[in-house]
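These are the residues of each chain, in order.
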Amino acid sequence: MGRPDYIICLECESEVDQFSWREGEVRKAVCDVCGNNDPDAFSLPEDFEEDPETQVEEDDIEDEYEDYGADEDEEEEE
Ligand SMILES: [Zn+2]
């Protein structure tokens, strides 16, 4: 497993590219946004994207937009 281009700060969910990578894990990292410098408090981008809760939230948002658009069309016809 190679070094990722960036890692995700779990405190503020920012992308961080200032980190030390060794033997498949984060050794040192500092988040410029919130100052987090605990290597355990960072996640790899691929692990972060696979979070099932995040995908469920995206589906809910799409459904709400579809319902809103349908309501607008009905008002214009009347
Ligand atoms: Zn942060």
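Please refer to the structure placed before this passage.
These notes cover the structure that comes with them.

1. With respect to the overall build of the protein chain
Phase 1: Regarding its fold elements, the protein chain presents 2 helices and 5 strands.
Phase 2: The order of helices and strands in the protein chain, counted from the N terminus, is β-β-β-β-β-α-α.
Phase 3: Of all 78 residues assigned to the protein chain, the portion counted as buried reaches 9%.
Phase 4: Within the protein chain, residue pairs in contact and separated by at least 24 positions form 34% of the contacts whose partners lie at least 6 positions apart.

2. Structural notes on the pairing of strand E4 (residues 25–29)
Phase 1: Where strand E3 (residues 19–22) and E4 come together, 4 bridges link them in antiparallel fashion. Note on E4: the bridge partner recorded for Arg22 is Glu25.
Phase 2: Two successive antiparallel strands, E3 and E4, enclose a turn made up of 2 residues, where Glu23 displays a positive phi of approximately 55°.

3. Thoughts on the sheet that holds strand E1 (residues 7–9)
Phase 1: Taking strand neighbours across the sheet as the criterion, the 3 strands line up as E2-E1-E5 in an open arrangement whose pairing is antiparallel. Both edges of this open sheet fall to strand E2 (15–16) and strand E5 (42–43), since each of them pairs with a single strand only.

4. Focus on the environment of Val30
Phase 1: Inspection of the secondary structure assignment puts Val30 in the loop between E4 and E5.
Phase 2: Val30 sits 14 residues away from Val16 along the chain, and the two C-alpha atoms are 7.5 Å apart.
Phase 3: Non-local contacts of Val30, meaning those with residues more than four positions away in its chain, are made with Gln18 and Asn37.

5. Considerations on the nonpolar core
Phase 1: Counting 7 residues, the largest nonpolar core is built from Ile7, Ile8, Cys9, Val26, Ala29, Cys31 and Phe42.
Phase 2: With 3 residues, E1 is the largest single contributor of residues to this core.
Phase 3: Contact partners of Cys9, with chain neighbours within four places excluded, come to Ser14, Val16, Cys31, Val33, Cys34, Asn36 and Phe42.

6. A few points about unusual backbone geometry
The bulk of non-glycine residues show a negative phi, and the bulk of peptide bonds are trans.
Phase 1: The backbone phi angle of Glu13 is positive, close to 60°, even though this residue is not glycine.
Phase 2: Locating Glu13 in the fold gives a position in the loop between E1 and E2.
Phase 3: The phi dihedral of Glu23 is positive, around 55°, even though this residue is not glycine.
Phase 4: Under the C-beta neighbour-count criterion, Glu23 is labelled exposed, with 6 such atoms within 10 Å.

Basis of the calculations
- Residues numbered from 1 in each chain as written.
- Predicted model: local features only at pLDDT ≥ 70, side-chain atom pairs only at ≥ 80, totals over all residues.
- Helix = DSSP H or I, 4+ residues; strand = E, 2+ residues; numbered from the N terminus.
- Buried ≥ 20, exposed ≤ 12 C-beta atoms within 10 Å, placed from the backbone.
- Contact = placed C-beta atoms within 7 Å.
- Pairing = 2+ DSSP bridges.
- Core = buried A, V, L, I, M, F, W, Y, C linked by C-beta atoms within 7 Å.

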